[in-house]
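One-letter residues, chain by chain:
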Amino acid sequence: MTDARSPETRADEPPAGEQPSPTVFPEGTTPVSDDEQRLRELGYTQELARSMSGFSNFAVSFSIVSILSGCLTLYGTGMKTGGPALIVWGWPVVGLFTLCVGLAMAEICSSYPTAGGLYYWAAKLSRSRGAAWSWFTGWFNFLGQVAVTAGVDFGAAFFTNAFLTLRFGIEAGPVHTIEIFAVILLLHGLLNTRGVRLVALLNSVSVWWHLVGVAVIVGALAVLPDQHAPASFVLTEFVNGTGFRNQFYVAMIGLLMAQYTLTGYDASAHMTEETRDAARSGPRGIVNAITVSLAAGWVLLLGITFAIRDYDGALNSDTGVPPAQIFIDAIGSGGAQFLLLIVIGAQFFCGMASVTANSRMIYAFSRDGALPGSRLWHRIDPRTQTPTNAVWLATGGALLLGLPALWNTTAYTAVTSISVIGLYISYVIPVYLRLRQGEDFTPGPWHLGRWSRPIGILAVGWTAVITVLFMLPTASPITAESFNYTPVAVAVVVGFAGVWWLVSARHWFTGPQVHPLPTDPDTRDTPPGPAARDTPPGPDAHDTELEVR
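What comes next concerns the included structure. Quick caveat: nothing in here was measured; it's all calculated off a predicted structure.

**Some remarks on the overall build of the protein**
Alright, step 1. Of regular secondary structure, the protein possesses 22 helices and 2 strands.
Alright, step 2. By residue count, 60% of the 549 residues in the protein fall in the buried class.
Alright, step 3. Partitioning the contacts of the protein with sequence separation of at least 6, the portion at a separation of at least 24 is 85%.
Alright, step 4. Accessible surface computed for the protein: about 21,200 Å², of which carbon and sulfur atoms make up 62%.

This is how it looks when you write it as structure tokens:
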């Protein structure tokens, strides 16, 4: 990969060897930044506040990946589906394939740094039927984003309930968990309506909270206990608590813990319209979020697994959270409560960042009229320059997706599977279309060079595997309570989007609704009027269609 300008030249750049003509701004106009100019070339006017640094962009994705959220909330699932051996060795295997997906996405992000991200890329990279590719990519991404928010905040509710049980003796039941889940979502909605500067600050704090938190947890579990699990147990012990007899099948579904954790890094792409030097900062944010999480997450998993004393006791803990019981057994109740607070804080940061990214995707998708009630969801608060309505749609959708946990014991696992499937299908569609373009693809300043095709093929192949894998049953015998409703949820959303497309949207949805770049000096800095922005595409819309290859 390289961070230098590609030898291939964009259509809007001067030929090699020629110096670009200096930009002359007529009297009374304001110069625009390179980021804003590139956004205009992609068809959009700067509406969001572009105040995020490259580190802040990385921080959003790193906070959503959140090793202290994904690794720990599904640790109990990992203990049943493969046990220590799969927890420890599944992580780097999944991490390397995930890095391939992230690298392929980062290259495309550099070429098209817009808040729409994946569904915009799909339209631009398609040789034909760009609107259809864009439509379904956007809907898969919407499904995955909402599911990630639900999964993260539901995990935070689990751990908060465990803390309350230890501290105050409050029962860790489904009703209390849902109540805590709703409160956490409400707080995340309120924080995200305060503006991107506060969000960026909290995400920056989140990075250090995660890194220091991992160091504190691993350090405490390494130093304080008077004994640890033997290396042979940690590195080789395979556990099958699913009811299925086929160990290979169990090992494969056991990869969910790692794959669920390593999701959400597309947030860096969705935040590019609010990031400075977006064509470089966005790709770096994606890749760095994966690599830092991969290294720190492995250390965390090793530290917790070596601290296990009573395997069955942890799985059947009164707290309902196996890692909490591992903490208690290793360092006592007081120390366990302290470590739980670190984890809960990290999960809170993660959920907040997830709502941020989700709302930006909703804003961009509805800006192009692809969601019911689009006119409402893409409005920007003039004071904070934040898509406030989109924030509340993100939190409300997550709440609805988490409610089945009241009566389905495997609902949380299903939500995590939904997030993985929805997100990764939306991740890989643009990668697949980019592979089809071959040499026709014009890279941005951050690109993979000759590694682009092999990495893209690995990314597509891995996504195909996990899409099938995480729709399969996770417990046997299969009953109403143990049923994995992931295929049902995916089918409902895909069915709705498919029917809407066939009945109506294919007649008016032309892909991202871009505006032509202003050429008249007198209007160069005049954005489209409110009427243009507030009118969603439809059969009578006259927005300029996106040109697709």
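**Points about helix α8 (residues 174-192)**
Alright, step 1. Compared with an ideal rise of 1.5 Å per residue, which puts 19 residues at 27 Å, α8 spans 27 Å between its outermost C-alpha atoms and is within 8% of the ideal.
Alright, step 2. All of the buried residues in α8 are T177, I178, I180, F181, I184, L185, H188, G189 and N192.

**Re a nonpolar patch on the surface**
Alright, step 1. Side chains of V183, L186, L187, L190 and W392 sit close together on the surface and give an oily, nonpolar patch of about 430 Å² of accessible area.
Alright, step 2. At 4 residues, the largest contribution of residues to the nonpolar patch is made by α8.
Alright, step 3. If you trace the backbone, W392 turns up in helix α18 (residues 388-402).
Alright, step 4. Taking relative accessible area as the criterion, W392 reaches 32% and is therefore assigned partly exposed.

**Topic: the side chain of T73**
Alright, step 1. Relative to the assigned elements, T73 resides in helix α3 (residues 67-73).
Alright, step 2. A relative accessible area of 12% places T73 in the buried class.
Alright, step 3. A polar contact of 2.6 Å, which involves the side chain of T73, links it to the backbone oxygen of S69.
Alright, step 4. In this structure the side chain of T73 is engaged in a polar contact, spanning 3.5 Å, whose partner is the backbone oxygen of G70.
Alright, step 5. Not counting residues up to four positions away in its chain, the partners in contact with T73 are G155, F159, Y260, Q347 and Y412.

**Quick notes on the packing of aromatic side chains**
Alright, step 1. Under the definition given, this model contains 30 aromatic pairs.
Alright, step 2. On the basis of an interplanar angle of 20 degrees and a centroid distance of 6.4 Å, the ring pair of F55 and W208 is categorised as stacked. Taken together, the residues F55 in helix α2 (residues 54-65) and W208 in helix α9 (residues 196-223) connect sequence positions 153 residues apart.
Alright, step 3. Since its relative accessible area comes to 52%, W208 is described here as exposed.
Alright, step 4. Considering the side-chain rings of W508 and F509, the 6.3 Å spacing of their centres and the 85 degrees angle between planes classify their relative orientation as edge-to-face.

**Observations concerning the packing of helix α5 (residues 83-111) against helix α19 (residues 411-437)**
Each pair of packed helices can be described by the angle between their axes along with the distance between the axes.
Alright, step 1. At their nearest, the axes of α5 and α19 sit 10 Å apart, and the two run at 60 degrees to each other. Here α5 lies oblique to α19, going by the angle between them. Here α5 runs over α19; the crossing is left-handed. In contact with T98, V101, A104, M105, E107 and I108 of α5, α19 contributes Y424, Y427, P430, V431 and R434.
Alright, step 2. Here the contact of α5 with α19 is built from residues that sort into 8 nonpolar, 1 polar and 2 charged.

**Structural notes on the packing of helix α7 (residues 130-168) against α8**
Alright, step 1. α8 packs onto α7 with a crossing angle of 120 degrees between their chain directions and a minimal axis gap of 8 Å. As judged from the angle between their axes, α7 and α8 are oblique. The two elements α7 and α8 cross, and the hand of that crossing is right-handed. Packed against α7, whose contacting residues are T149, A150, D153, F154, A156, A157, F158, T160, N161 and L164, the element α8 presents H176, T177, I178, I180, F181, I184, L185 and H188 at the interface.
Alright, step 2. Grouping the amino acids of the contact of α7 with α8 by side-chain chemistry returns 11 nonpolar, 6 polar and 1 charged.

**Some details on the nonpolar core**
Alright, step 1. Counting 163 residues, the largest nonpolar core has Y75, W121, W135, W139, I217, Y265 and F327 as the members making the most contacts within it.
Alright, step 2. Counting residues per element, this core draws most heavily on helix α16 (residues 322-367), which supplies 20 residues.
Alright, step 3. With residues up to four places along the chain from it excluded, the contact list for W121 reads M105, I108, C109, Y112, A269 and P430.
Alright, step 4. Within the second largest apolar cluster, 5 residues are counted, among which are A59, F62, V207 and A289.

**Considering α18**
Alright, step 1. With 15 residues, α18 should reach 21 Å at 1.5 Å per residue; the first-to-last C-alpha distance of 22 Å fits that figure.
Alright, step 2. Every buried residue of α18 is listed here: T388, A390, V391, A394, T395, A398, L401 and G402.
Alright, step 3. Its buried side turned inward, α18 meets α7, α8, α16, α17 (374-377) and α19.

**Looking at the side chain of S56**
Alright, step 1. As for its placement among the helices and strands, S56 is situated in helix α2.
Alright, step 2. Residue class for S56 comes out buried when judged on its relative accessible area of 8%.
Alright, step 3. The residues touching S56, leaving out its near neighbours within four places in the chain, are A200 and S204.

**Regarding the environment of S268**
Alright, step 1. Structurally, S268 can be placed in helix α13 (residues 267-270).
Alright, step 2. Overall, the relative accessible area of 0% leaves S268 in the buried class.
Alright, step 3. Remark: the alpha-carbon pair of S268 and N57, spanning 211 residues in sequence, is separated by 5.5 Å.
Alright, step 4. In this view, S268 contacts N57, F58, S61, G282, G285 and I286; residues no more than four positions away in its chain are not counted.
Alright, step 5. At a separation of 2.7 Å, a polar atom in the side chain of S268 contacts the side chain of S61.

**Structural notes on the environment of F365**
Alright, step 1. Relative to the elements of secondary structure, F365 occurs in helix α16.
Alright, step 2. Considering only alpha carbons, one finds F365 and Y120, 245 residues apart in sequence, at a separation of 8.9 Å.
Alright, step 3. The contacts of F365, once residues within four sequence positions are left out, are Y119, S134, W135, G138, W139, A370 and L371.

Scoring rules and cut-offs
Residues numbered from 1 in each chain as written. Predicted model: local features only at pLDDT ≥ 70, side-chain atom pairs only at ≥ 80, totals over all residues. Heavy atoms only, no water. Helix = DSSP H or I, 4+ residues; strand = E, 2+ residues; numbered from the N terminus. Buried < 20%, exposed > 50% of the residue type's maximum accessible area, 1.4 Å probe, protein only. Contact = heavy atoms within 4.5 Å. Areas by Shrake-Rupley, 256 points an atom, 1.4 Å probe, with all protein chains shown as cover. Expected span 1.5 Å × (residues − 1). Patch = residues over 30% accessible without salt bridge, like charges linked within 9 Å, V, L, I, M, F, W, Y side chains within 5 Å. Salt bridge = Lys/Arg side-chain N within 4 Å of Asp/Glu carboxyl O. Polar contact = N/O pair within 3.5 Å; in protein donor to acceptor, adjacent residues only side chain to side chain. Phe/Tyr/Trp six-rings, centres within 6.5 Å; stacked < 30°, edge-to-face > 60°. Axes fitted to C-alpha atoms, helices over the stretch in contact; angles between N-to-C directions. Parallel < 35°, antiparallel > 145°, perpendicular 65-115°, else oblique. Left-handed = near helix turned anticlockwise from the far one by under 90°. Nonpolar A, V, L, I, M, F, W, Y, C, P; charged D, E, K, R; others polar. Core = buried A, V, L, I, M, F, W, Y, C linked by side-chain atoms within 4.5 Å.

That is the geometry; function is a separate question.
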